[in-house]
Amino acid sequence: MSVSGMKKQLHKASQLLNERLMGAEGTKMDEDFLRMEKSVAVIHSLLLELLSRTTEFLQPNPAYRAKLSMLNTMSRIRGQGRCTGYPQTEGMLGDCMSLYGEELGAASEFGGALSGVGDALQQVGQARDALDVNVKRTFIDPLQDLHDTELKEIRFQLKKLNGRRLDFDYKKRRKGKVPVGEMRQAWDKFMTSKELAERSMFVLLQNDMDRLSRLAAMVAALLDFHRNAHRILQGLHGNLQARLTAASNRPGRRFRPKRIRVRSEHNGSIGFFHQPSITSAAASGEPVTVLPSRPGSPVSCYADSKLVLDQPCCRAMYSFHSNHEGELGFSEGDLIVLTCQVDANWYEGSLGGRSGLFPVSYVDVLVPLPLP
């Protein structure tokens, strides 16, 4: 810094101290200028907080934001040019549901529903990623550019204007000791700076159309995200309702203890008996008896029925009501003697003097039909 420049800085500091400590009055700006200066200060504070709050709204986890910023910076340094995306909470929950849905398998109705919900939530997470990109491109970046260019320039001009005002007021206070030409030059510089700052603030404050369009673009991006999320979740809701309806219409199944294979100690023949529930046996107090099998024949014996089954038969898992002539109706738990198998879906059998056709899926075969 030159000697004249250093002297000018000392003069400005002297004038500022005089105003702050001694109560001296400097040159006052007009009301319009002060009003615009106050509005510019509000916009500056607004942009600082608005940009921060918008980022927090889109990416609420500060630890993840810091990690992503570091990773993206390292990628740029390495020249990779790739950006790591923010892990959306919907996508993370969807990944968890899809993983366990696959482990439960397609045979599980709940597992299939979990996989469907997981896929839908992953789609919502992708829609939120698109929201991040749209809001950054149409709202955050333009406002950040406004803060870094126009507002920065205006703040620089206001700072320069304040310095020239202090220089002019110092020379005015030392009237008679400062040449008139130097006073005139200080005044001209002060007025030039005032006009430049005033013009820049006027242009900024009059350009509401551009900022309104940025705000509208952000709302449009939000609307697009919620519309997509609504469409995805609406389809998911319909799918779950269909699954609920199918599950409620499915015939109920009762627990059936497994048959145990037993070899007779006397003649070596093989038979089966029904393993009763411990609670039901204890409650009834009845001993469970294993009925002997007939030599040389595969026999299914059930303790609860107290019957020896030595011919092809089955037990009804669900009740079946005959709707057509030739069908055999029965109740859950009935023992039905098998006559033959008509096709892959129907058996023919008899029960209590009645005979007819019934579905294969409604019964559990105890003693199978002989092979043809």
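Residues numbered from 1 in each chain as written. Predicted model: local features only at pLDDT ≥ 70, side-chain atom pairs only at ≥ 80, totals over all residues. Heavy atoms only, no water.

Looking at an unreviewed UniProt entry, the protein chain carries the name Endophilin-A3-like, with the source organism given as Seriola lalandi dorsalis. One UniProt comment on the protein chain, placed under Sequence similarities (unreviewed entry), says "Belongs to the endophilin family." (UniProt positions renumbered as here; feature names shortened; annotations may be inferred.)

Colleague: Which residues make up the packing of helix α2 (residues 31-58) against helix α5 (residues 109-173), and what values do they have?
Modeller: Their axes nearest at 10 Å, the elements α2 and α5 cross at an angle of 150°. The pairing of α2 with α5 is recorded here as roughly antiparallel in orientation. In this structure, the crossing between α2 and α5 has a hand that is left-handed. The residue makeup of the contact of α2 with α5, split by class, is 18 nonpolar, five polar and three charged. (Axes fitted to C-alpha atoms, helices over the stretch in contact; angles between N-to-C directions. Helix = DSSP H or I, 4+ residues; strand = E, 2+ residues; numbered from the N terminus. Parallel < 35°, antiparallel > 145°, perpendicular 65-115°, else oblique. Left-handed = near helix turned anticlockwise from the far one by under 90°. Nonpolar A, V, L, I, M, F, W, Y, C, P; charged D, E, K, R; others polar.)

Colleague: Provide a residue-level description of the packing of aromatic side chains, including the pertinent values.
Modeller: One pass over the structure, following the stated rule, counts ten aromatic pairs. Residues F320 and F330 carry aromatic rings whose centres are separated by 5.7 Å and whose planes lie at 40° to one another, so their mutual orientation is tilted. Here F320, found in the loop between β5 (313-316) and β6 (335-341), pairs with F330, found in the loop between β5 and β6; they are ten residues apart in sequence, far enough to count as distant. Ring centres 5.6 Å apart and planes at 90° place the aromatic pair F330 and F358 in the edge-to-face group. Of this pair, F330 sits in the loop between β5 and β6 while F358 sits in strand β8 (residues 354-359), placing them 28 residues apart in sequence. (Phe/Tyr/Trp six-rings, centres within 6.5 Å; stacked < 30°, edge-to-face > 60°.)

Colleague: Any details on the side chain of R211? Residues and values, ideally.
Modeller: Its place among the elements puts R211 in helix α7 (residues 208-249). Among the polar contacts listed, one links the side chain of R211 to the side chain of D208, at a separation of 2.9 Å. With residues near it in sequence (within four places) discarded, R211 still touches L146, L204 and L205. (Polar contact = N/O pair within 3.5 Å; in protein donor to acceptor, adjacent residues only side chain to side chain. Contact = heavy atoms within 4.5 Å.)

Colleague: Explain α7 to me, and be specific about the residues and the numbers.
Modeller: An ideal rise of 1.5 Å per residue puts 62 Å on 42 residues; α7 measures up with 61 Å between its terminal C-alpha atoms. Listed in full, the buried residues belonging to α7 are R211, M218, A221, L222, F225, A229, I232 and L236. Along its buried surface, α7 packs onto α2, α5 and α6 (180-206). (Expected span 1.5 Å × (residues − 1). Buried < 20%, exposed > 50% of the residue type's maximum accessible area, 1.4 Å probe, protein only.)

Colleague: Describe the pairing of β8, and please don't skip the residues or the numbers.
Modeller: Pairing of strand β7 (residues 346-351) with β8 involves six bridges; the strand directions are antiparallel. Following the sheet pairing, S350 is matched in β8 by S355. Linking two consecutive strands that pair antiparallel, namely β7 and β8, is a turn of two residues; a positive phi of about 60° is found at G352 within it. (Pairing = 2+ DSSP bridges.)

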